[in-house]
Amino acid sequence: MEEIADKTFFRYCLLTLIFAGPPTAVLLKFLQAPYGKHNRTGWGPTVSPPIAWFVMESPTLWLTLLLFPFGRHAFNPKSLLLFSPYLIHYFHRTIIYPLRLFRSSFPAGKNGFPITIAALAFTFNLLNGYIQARWVSHYKDDYEDGNWFWWRFVIGMVVFITGMYINITSDRTLVRLKKENRGGYVIPRGGWFELVSCPNYFGEAIEWLGWAVMTWSWAGIGFFLYTCSNLFPRARASHKWYIAKFKEEYPKTRKAVIPFVY
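Thresholds applied
Residues numbered from 1 in each chain as written. Predicted model: local features only at pLDDT ≥ 70, side-chain atom pairs only at ≥ 80, totals over all residues. Heavy atoms only, no water. UniProt positions renumbered as here; feature names shortened; annotations may be inferred. Helix = DSSP H or I, 4+ residues; strand = E, 2+ residues; numbered from the N terminus. Phe/Tyr/Trp six-rings, centres within 6.5 Å; stacked < 30°, edge-to-face > 60°. Buried < 20%, exposed > 50% of the residue type's maximum accessible area, 1.4 Å probe, protein only. Core = buried A, V, L, I, M, F, W, Y, C linked by side-chain atoms within 4.5 Å. Contact = heavy atoms within 4.5 Å. Axes fitted to C-alpha atoms, helices over the stretch in contact; angles between N-to-C directions. Parallel < 35°, antiparallel > 145°, perpendicular 65-115°, else oblique. Nonpolar A, V, L, I, M, F, W, Y, C, P; charged D, E, K, R; others polar. Expected span 1.5 Å × (residues − 1). Bend = angle between axes of the 7 residues up to and from the residue.

Draft legend 1. Looking closely at the UniProt feature "transmembrane region" (unreviewed entry) in the protein chain. Summarizing the sequence annotation, UniProt attributes the feature "transmembrane region" (unreviewed entry) to residues 12-31, 51-68, 80-99, 111-128, 149-168 and 208-232 in the numbering used throughout. In residues 12-31, the share of helix is 95% and the share of strand is 0%. The end C-alpha atoms are 27 Å apart. As annotated, residues 80-99 comprises 100% helix and 0% strand, and the C-alpha atoms at either end are separated by 27 Å.

Draft legend 2. Structural view of the packing of aromatic side chains. A full pass over the atoms with the stated rule returns 32 aromatic pairs. Consider the rings of Phe68 and Phe83, whose centres lie 5.3 Å apart with planes at 40°: the pair is tilted. With Phe68 in the loop between helix H3 (59-67) and helix H4 (77-104) and Phe83 in helix H4, the pair connects residues that are 15 residues apart, well separated along the chain. Residue classification places Phe68 among the buried residues on the basis of a relative accessible area of 8%. Taken together, a centroid distance of 6.3 Å and an interplanar angle of 10° make the contact between Phe149 and Phe153 stacked. Within this pair, Phe149 and its partner Phe153 are both found in helix H6 (residues 147-180), separated by 4 residues, close to a single helical turn. Here Phe149 falls in the buried class, since its relative accessible area comes to 0%. A network of ring pairs unites the aromatic residues Phe68, Phe83, Tyr86, Tyr90, Phe124, Phe160, Trp208, Trp211, Phe223 and Tyr226 as a single cluster.

Draft legend 3. Broad picture of the nonpolar core. Of all hydrophobic cores here, the largest spans 46 residues; its most connected members are Ile131, Val136, Trp208 and Trp211. Looking at this core, the elements that each hand over two or more residues are helix H1 (2-30), H3, H4, helix H5 (115-139), H6, helix H7 (199-215) and helix H8 (218-246). Those residues in contact with Val136 that sit more than four places away from it in its chain are Phe68, His73, Ser79, Leu82, Phe83, Tyr143, Trp211 and Thr215. Listed in part, the 11 residues of the second largest apolar core include Tyr35, Tyr97, Phe113 and Val175.

Draft legend 4. The packing of H1 against H8, seen in detail. At a closest axis distance of 8 Å, the pairing of H1 and H8 adopts a crossing angle of 10°. Taken together, the axes of H1 and H8 lie roughly parallel to each other. Here Leu14, Leu17, Ile18, Ala20, Gly21, Pro22, Thr24, Ala25, Leu28 and Lys29 of H1 lie close against H8, whose contacting residues are Trp218, Ala219, Gly222, Phe223, Tyr226, Ser229, Asn230 and Pro233. Classifying every residue of the contact of H1 with H8 by side-chain character gives 12 nonpolar, 5 polar and 1 charged.

Draft legend 5. H1, seen in detail. Taking 1.5 Å of rise per residue, 29 residues should cover 42 Å, and H1 covers 43 Å from first to last C-alpha, within 8% of that figure. Taking the largest bend as the criterion, H1 deviates by roughly 35°, centred on Gly21, and proline Pro22 comes between one and four positions later. Listed in full, the buried residues belonging to H1 are Phe10, Cys13, Leu14, Leu17, Gly21, Thr24 and Leu28.

Draft legend 6. Expanded view of the environment of Pro49. Relative to the assigned elements, Pro49 resides in helix H2 (residues 49-57). The exposure class assigned to Pro49 is buried, which follows from its relative accessible area of 15%. Expressed as a C-alpha distance, the spacing of Pro49 and Ala118, which sit 69 residues apart in the sequence, is 9.4 Å. Setting aside residues up to four positions removed in sequence, Pro49 forms contacts with Leu101, Asn111, Gly112 and Phe113.

Draft legend 7. Molecular detail of the packing of H7 against H8. Viewed as axis vectors pointing N to C, H7 and H8 meet at an angle of 170°, and their least axial separation amounts to 8 Å. Taken together, H7 and H8 sit at an angle that is classed as roughly antiparallel. Of the residues in H8, those in contact with Tyr201, Glu204, Ala205, Trp208, Leu209, Trp211, Ala212 and Thr215 of H7 are Gly220, Ile221, Phe223, Phe224, Thr227, Cys228, Leu231, Phe232, Arg234 and Ala235. Grouping the constituent residues of the contact of H7 with H8 by class yields 13 nonpolar, 3 polar and 2 charged.

Here is the structure:
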């Protein structure tokens, strides 16, 4: 009975993740979360961005540590290997990225992160962290699928590493530029910025596409689709923001997030 209840809960959480994508994309087409270059007043109290990023991303680490040992595959070397890219990404996003923001030391007074947005992100990471950890540690049932497991893992890992490289190097460039310009904005140059305005978002979407291939699951596909639903409208809004701010200076050949396409 307990197993049935757990499976039902997991299924409802997974459906929530999958069906949350379209309304999120529609909403974000008209309303951008007020942080970063879209920062604006009227969203209540704020906290320092490094603290916000640390707190709202943290469920991906501590929830995994709580859930994973109770899964059927908790000590299967394949499940531990499979989950490692997810943990590496979120160790960077929860620990390293906030430290990099903190060290950049640009003024936080006008760039505070709204607590309401951090709370929403925290809630999403609780939901998604539960789904991904529970799937890999308990519900995935094809670890003994011979070479097919390894083909998916290797191909997905190559895609994941490519996306993570694009994501991290692009974020590093943005943080460096804000530090050099005392919290102000300039036109990013070089690397993937020559092709798109938001290569950091493009890279993250590529990461979770790789994760979907590795896990070969609706859990992975749902996460990838929600990532696109969340980040692509924001990338489009950021692209328009750059054009409005820099006008004729802004490169006309750049797309918003997908090179040569969108």
